[in-house]
Amino acid sequence: MKHLPLALLTLALPAQNPAPPTSSDDAVARVRDGGWLCAPKWRRGDDGMLQVWLLGEDAERDDAFVPLLGEHLEAGVSSAGAIGWLALWCQGSGDLIGMTDVEFHLAALGIGTEDAALRQHLLQQSEPAAEARRRAEVFDRMLILDELRRRRCRAAVAEIEVLLRRTDLPPELRQRAETTLADLRGEPSKQARRRLDADKLLLPEQLDLCIVVDHARLPDMSGLTAFGRRVSALATASILAARGLQSPSSCSMAQRSCDIVAELPFGMALRYGNYRLDHSCVAVGLTPDADAPFRVWYQAAGSFDPETWAAASAPAGVAPDVPFWTGPVTMTEDLVTGTTARVPAVARPDLASGLLADSGAAVRVVVPEHSALLARLTSLGFPDLRAAELRASIASAVAHLTLTLDAGSDADAAAWSERGKSFLRQGKAWLASTDGQQTIAYPDLVAACQALLRVEISTNGQQVTAELAVPLPSRAAFEALFLGLERRRRPR
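Here the structure is a predicted model, which is why all the values come from computation and not from measurement. (Residues numbered from 1 in each chain as written. Predicted model: local features only at pLDDT ≥ 70, side-chain atom pairs only at ≥ 80, totals over all residues. Heavy atoms only, no water.)

**Describing the pattern of salt bridges**
Next up, step 1: For the structure shown, the criterion picks out 25 salt bridges.
Next up, step 2: When the shortest N-O distance is used, the salt bridge between Arg193 and Asp278 registers 2.7 Å. Here Arg193 is found in the loop between α8 (171-185) and β4 (202-203), whereas its partner Asp278 is found in strand β6 (residues 276-286), with 85 residues between them in sequence.
Next up, step 3: Under the relative-accessibility criterion, Arg193 is labelled partly exposed at 28%.
Next up, step 4: A residue is classified by how much of its surface remains accessible, and Asp278, at 1% relative accessible area, is buried.
Next up, step 5: As a salt-bridge pair, Arg276 and Asp278 come within 2.7 Å of each other at their nearest N and O atoms. (Salt bridge = Lys/Arg side-chain N within 4 Å of Asp/Glu carboxyl O. Helix = DSSP H or I, 4+ residues; strand = E, 2+ residues; numbered from the N terminus. Buried < 20%, exposed > 50% of the residue type's maximum accessible area, 1.4 Å probe, protein only.)

Spelled out as structure tokens, the structure:
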């Protein structure tokens, strides 16, 4: 098998837009028709990071490339937006590297995204390169395996079998290949998922809220960054439209800001180590301090890279007192803990065993007895409540939500039930009114609100249960919704 020519690594993305737009109207039309502001030129640096050639950076030089995420990830930190940061913590059933926008990433490297091209690249021999670049190429192949698995490309079984016969395969790539091969063959996954130990889980003395996530039961969220890139492009196009005629340099810079969210997980994994969350617990304690109204203790079991994390510094632009970057954080290969508090947490096995019990839910949100949240609800005039729990499970693209309230008495339970039903009646009436329709102003959003109001509420003694099943919209539906809202806000 021949080596991949280095020249391919500096090719531009496939030219949906062969040149920068000549006007803001052209830019908006391109993006709303599914394209992009422009098609930059790309290359990979020796550190494994993507570099982009910016128009106007040095118009006389073809090698005026800058790191997409910044020399020290400062552009990634400042421009990733809410979706970019969400992708760093909410990987669903996958891992950090898997949150990369794979089609964008591979196309920027000149790697074809058709099935045949992906299968061929799996077996390409890498040329000698710096350690960071070799590691980036391992991540490339992990992304290719993920994409082949998502496409159910069973024809790739032959290439994966050949790949697994190599004796020099890095452990993380071997594990990814074995997991993908088992999935394509319809065999049980060979990937072991870890769980937190109730005897070792650290909890604060005063626990007011607890969130427990079984990440293997979450859906595939790998499309989040691709969605974020599209949303960023739509929003950016609207801004350009308001400003009028734009220069090629402005469009180039604007396109870079859109692309950052797509590549941020890859850059973070390369700099700080790839990680996979399997079972996590977020404990929250309220405080009377208005400047810091709550403290957080975080613990997660999974797969981590403590050596890479320890060797790297916080991204440029991150304040030294930002929690979870400067500590206290401890990390081993299978466990990470962190806190925003100086108050130590301790092992509380009796409480932890109930919180970590396998309920079948992907997410559990628990308000335990004696929580300060319950006292605050009572002070606001709500009926007495001893505890509450929300469970969310996901199956066949449907989210099933169950809220359980443990009231102080049968009368309190009846009062909670009536309040909930009254709220639903008011919500349905408002949604059906002219005022409600005009406020929401988008049919698909009205339908989504109607689905959320189809809650079934029942009581059993002191317990109140509210149940709801919500179909999860596709990424295309979210994009269509966002595009519709943008068009209403700024007509073409």
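The structure having been displayed, the exposition proceeds.
**Section: the sheet that holds strand β1 (residues 41-44)**
Next up, step 1: Read from one edge to the other, the open sheet built from three strands follows the order β1-β2-β3, with strand pairing classed as antiparallel. Looking at which strands have only one partner, the edges of the open sheet turn out to be β1 and β3 (65-67). Between one strand axis and the next, the sheet turns by 35° as a mean value, whatever way the strands run.
Next up, step 2: Sheet topology note: the strand β2 (residues 50-53)/β3 ladder contains three bridges and is antiparallel. Counterpart to Gln51 in the pairing with β3 is Pro67. (Pairing = 2+ DSSP bridges. Axes fitted to C-alpha atoms, helices over the stretch in contact; angles between N-to-C directions.)

**A few points about the environment of Pro248**
Next up, step 1: In this structure, Pro248 sits in helix α10 (residues 248-272).
Next up, step 2: Relative accessible area serves as the criterion here: at 41%, Pro248 is assigned to the partly exposed category.
Next up, step 3: A C-alpha to C-alpha distance of 8.6 Å links Pro248 and Cys38, two positions 210 residues apart in sequence.

**As for the sheet that holds strand β13 (residues 398-407)**
Adjacent strands of a sheet pair through backbone hydrogen bonds, lying either parallel or antiparallel.
Next up, step 1: Across the sheet, 10 strands lie side by side as β8-β9-β7-β6-β5-β11-β12-β13-β15-β14; this open sheet has antiparallel pairing. Across the chains shown, the open sheet's two edge strands, defined by having one partner strand only, are β8 (329-331) and β14 (456-460). Each adjacent strand pair in this sheet contributes to an overall mean axis angle of 10°, direction not counted.
Next up, step 2: As paired elements, β6 and strand β7 (residues 294-303) share 10 bridges and run antiparallel to each other. In the strand pairing of β7, His279 is matched with Ala301.
Next up, step 3: With respect to the sheet, helix α14 (residues 410-432) is in contact with β12 (385-395), β13, β14 and β15 (463-471), its orientation differing from that of β14 by roughly 170°. (Contact = heavy atoms within 4.5 Å.)

**Considerations on the pairing of β1**
Two faces make up the sheet, and in a regular strand the side chains alternate between them.
Next up, step 1: Of the two faces of β1, only one is covered, namely that formed by Trp42 and Arg44; the face formed by Lys41 and Arg43 stays uncovered.
Next up, step 2: Sheet topology places β1 next to β2; four bridges connect them, and they run antiparallel. Its bridge partner lying in β2, Arg43 is registered against Gln51.
Next up, step 3: Linkage of β1 to β2, two consecutive antiparallel strands, is achieved through a turn of five residues, within which Gly48 is found at a positive phi near 85°.

**Details of α14**
Next up, step 1: Taking 1.5 Å per residue as the helical rise, α14 with its 23 residues ought to reach 33 Å, and the 33 Å between its terminal C-alpha atoms agrees with that figure.
Next up, step 2: Taken as a whole, α14 has its buried residues at Asp412, Ala413, Trp416, Ser417, Leu424, Gly427 and Leu431. (Expected span 1.5 Å × (residues − 1).)

**Thoughts on the side chain of Thr308**
Next up, step 1: With respect to the element layout, Thr308 can be found in helix α11 (residues 306-311).
Next up, step 2: Since its relative accessible area comes to 19%, Thr308 is described here as buried.
Next up, step 3: Within the structure, the side chain of Thr308 is placed 2.7 Å from the side chain of Asp305, a separation counted as a polar contact.
Next up, step 4: Setting aside residues no more than four positions away along its own chain, Thr308 makes contact with Arg135, Leu270, Arg271, Tyr272 and Gly273. (Polar contact = N/O pair within 3.5 Å; in protein donor to acceptor, adjacent residues only side chain to side chain.)

**Describing the state of the cysteines**
Next up, step 1: Evaluation of the coordinates by the stated rule reveals zero disulfides.
Next up, step 2: Between Cys210, a cysteine without a disulfide, and Cys281, which holds the nearest cysteine sulfur, the sulfur-to-sulfur distance is 3.5 Å. (Disulfide = S-S within 2.5 Å.)

**Structural notes on the nonpolar core**
Next up, step 1: Counting residues in each nonpolar core, the largest one holds 56 residues, and the members touching the most others are Leu68 and Ile160.
Next up, step 2: Mapped onto this core, the elements with two or more residues apiece are β2, α4 (102-108), α5 (115-122), α6 (131-150), α7 (157-164), α8, α10 and β7.
Next up, step 3: Sequence-distant contacts of Ile160, defined by excluding residues within four places in its chain, comprise Leu122, Leu145, Ala177, Thr180, Leu181 and Leu184.
Next up, step 4: In terms of nonpolar packing, the next biggest core, distinct from the first, is built from 17 residues, Ala198, Cys281, Trp297 and Ala301 among them. (Core = buried A, V, L, I, M, F, W, Y, C linked by side-chain atoms within 4.5 Å.)

**Details of unusual backbone geometry**
Next up, step 1: Phi at Leu73 takes a positive value of approximately 65°, unusual for a residue other than glycine.
Next up, step 2: Its location among the elements puts Leu73 in the loop between β3 and α2 (74-79).
Next up, step 3: For Leu73, a relative accessible area of 1% puts it in the buried group.
Next up, step 4: At Ser396, a residue that is not glycine, the phi angle is positive and equals roughly 50°.
Next up, step 5: Its place among the elements puts Ser396 in the loop between β12 and β13.

**What about the confidence of the model for the protein?**
Next up, step 1: With 88% of its residues at a pLDDT of 70 or more, the protein has an overall mean of 85.
Next up, step 2: The least confident element of the protein, judged by mean pLDDT, is helix α17 (residues 475-489) at 65; the most confident is strand β11 (residues 363-367) at 97.
Next up, step 3: The low-confidence segment residues 1-17, where pLDDT is below 50, has 48 contacts with residues more than four positions distant or belonging to other chains. (pLDDT = per-residue confidence, 0-100.)

**Focus on the packing of aromatic side chains**
Next up, step 1: Here the structure, examined in full by the defined rule, presents six aromatic pairs.
Next up, step 2: Summarising the aromatic geometry, the rings of Trp42 and Phe104 are spaced 5.4 Å apart at their centres and angled 85° between planes, so their arrangement reads as edge-to-face. Placement of Trp42 in strand β1 and of Phe104 in helix α4 is noted, with a sequence separation of 62 residues between them. Pair check on accessibility: Trp42 and Phe104 agree, each one buried.
Next up, step 3: Between Trp89 and Tyr298 the ring centres are 6.4 Å apart and the planes differ by 85°, which places this aromatic pair in the edge-to-face class. Placement of the pair is Trp89 in helix α3 (residues 81-89) and Tyr298 in strand β7, with a sequence separation of 209 residues.
Next up, step 4: By relative accessible area, which is 14% here, Tyr298 ends up buried.
Next up, step 5: If you follow Lys41 out to its NZ or CZ, it ends over the ring of Trp53, 4.4 Å from the centre.
Next up, step 6: Above the face of the Trp36 ring, Arg230 is positioned so that its terminal group lies 3.9 Å from the ring centre. (Phe/Tyr/Trp six-rings, centres within 6.5 Å; stacked < 30°, edge-to-face > 60°. Lys NZ or Arg CZ within 6 Å of the ring centre and 35° of its normal.)

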